[in-house]
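# Fold and geometry: a report
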Amino acid sequence: MQRIVTLPREFTAPKHIMLRMGQFLLALFVAAGMAHAQVPTPAAPQYVRASMAAETRSPAPGDTVTVAIVMDPKPGWHDYWVNPGDAGTPLELAWILPTGASVGPIRAPVPETLIVSGFMNHVYKTEHAFLIDLKIPQSAIVGQNLTIKVDARWSACSDLVCVPESATLSVPMTIGSGTIDNADRRRFDGWRSALPVPLDRKAHYAIDGNRIDIAIPYPRSADASRVWFFAQSENLFRYAAPQTARRTGDWLIISSEVKEPFAGEIDGLLRFNDAQGLGIRATPGTVPAGGAAVSVFGKGAATPAQTPPLGFGWILAFSVLGGLLLNLMPCVFPILGLKALSLAKMGGDEGAARRDAVAYTVGIIMSCLVLGGIMLALRAAGEEVGWAFQLQDPAIVLLLLLLMVAVTANLAGLFEVGGIGAGEALTQKAACQGHSGRACWRLLSQRRAPARSWRRQWVRLCCCPQV
């Protein structure tokens, strides 16, 4: 026996459907929120893993303990030195310390150079550690538990994309005798050996136009090769400019370029030999002339090896091919079909159809160029922006989930949303001012025969509905 169920009329009313749909979305939102609160959110994959270690976890009252923020990039990824160069963001730390405790500045290891699209970056590609000195309060009591916590933020980048990452790191401590295990001492000594050594004498520099020569005290008996000057003072140097080096007597002279002449002290780091470093502070002064050339470590943007392997024609061809493939995707192809139907409904006016198609194409191209230009400008300014970064935020993912559910319910007929006709009145007005519009008005002005009333209504509905 077939059983037919008839729903009450008020249940199928649009108002009732909207109420039901709202209740359904609210229940889904609450359930997702409860699940998010009860089930720990899985951590986003980190391309540069961060951890924190202390040289001793039993410091004595008043001791200074070295703390390490250990960064471990995945293959193909990197993070940044304290001055990242032309782009990127260095490590940023926000400490949460016990009362009376304090921390010193970040001591960073010697970086290396990386050029991407003509921009010079100062990076780390392998595991390394930033060291910070932590001062234990003198008022601490033996046996007291202390938790050292820090909110860390940094940029993880590959040659194609940058991802902002963060983590809350902590290390527990118990006030004790201050003894350091041998294994911990060896590990921290290894990290200390990667730090630059402060130079006890000041360097001198001279600027001629945009060229700068930096004379660094360096014993003539000491070996020096593969040298590079990393400017710690920001926004003064052209980081991607090629550098040259020469030696004369007890001086090592590095030549590079600046954005514009300046005066005052500059801080930097001299990398030499096998990732050794000297901390430099230079003041205006006399720079010796002459000397023998020394090999440099980094490569400037003008190096021929940086020329892209593909010419512009190939890049353009692959871009067009990618666009054609994208148009075949289910999320794009139906839109093209709707546009084709719109052109077919224009009544056979070939000129109007051609103008509409050209305007449609130019509008899409200009929109993409504007969005791409904004993205490139922000990235050139050092911002870590890219497509789909928002999809790493659980709140954004939840909102998109709710939106997809609402769209599905709309397509299933649970409720209706009125069409959005942005610019529709303007296009109709323009159409009625053209050739077909004049014909429309001529037909509407013919009121001599009642038999033509059907024609007036047809023209009103199909040609110029706004008349």
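Structure shown above.
Summarised in this report is the structure supplied together with it.

## Considerations on the sheet that holds strand β3 (residues 79-85)
The sheet built from 3 strands is open, its strands ordered β3-β7-β6 with antiparallel pairing. Edge positions in the sheet fall to β3 and β6 (112-116), since each has one partner strand and no second. Neighbouring strand axes in the sheet, compared pairwise and without regard to direction, differ in orientation by 45 degrees on average. When β6 meets strand β7 (residues 119-124), the two strands line up antiparallel, connected through 5 bridges.

## With respect to the sheet that holds strand β5 (residues 102-103)
With respect to topology, 4 strands assemble into an open sheet ordered β1-β2-β8-β5, the strand pairing being antiparallel. Where the open sheet ends on each side, the last strands, each with one partner, are β1 (48-54) and β5. Alignment of β5 against strand β8 (residues 128-135), held across 2 bridges, turns out to be antiparallel. Its bridge partner being in β8, Ser102 is matched across the sheet by Lys135. Contacts from helix α2 (residues 182-193) reach β1, β2 (64-73) and β8, with the element oriented near 70 degrees to β2.

## Regarding the nonpolar core
Among the nonpolar cores identified, the biggest contains 63 residues, and Ile69, Met173, Ile214, Val227, Phe237 and Leu270 are the most heavily contacted of them. In terms of residue count, the dominant contributor to this core is strand β9 (residues 145-157) (6 residues). Beyond its immediate sequence surroundings of up to four residues, Leu270 is in contact with Ile216, Tyr218, Val227, Trp228, Leu252, Ile254, Gln276, Gly277, Leu278 and Ile280. Residues Ala53, Ala129, Leu131 and Phe188 belong to the second largest nonpolar core, which totals 8 residues.

How each quantity is defined
- Residues numbered from 1 in each chain as written.
- Predicted model: local features only at pLDDT ≥ 70, side-chain atom pairs only at ≥ 80, totals over all residues.
- Heavy atoms only, no water.
- Pairing = 2+ DSSP bridges.
- Helix = DSSP H or I, 4+ residues; strand = E, 2+ residues; numbered from the N terminus.
- Axes fitted to C-alpha atoms, helices over the stretch in contact; angles between N-to-C directions.
- Contact = heavy atoms within 4.5 Å.
- Core = buried A, V, L, I, M, F, W, Y, C linked by side-chain atoms within 4.5 Å.
- Buried < 20%, exposed > 50% of the residue type's maximum accessible area, 1.4 Å probe, protein only.

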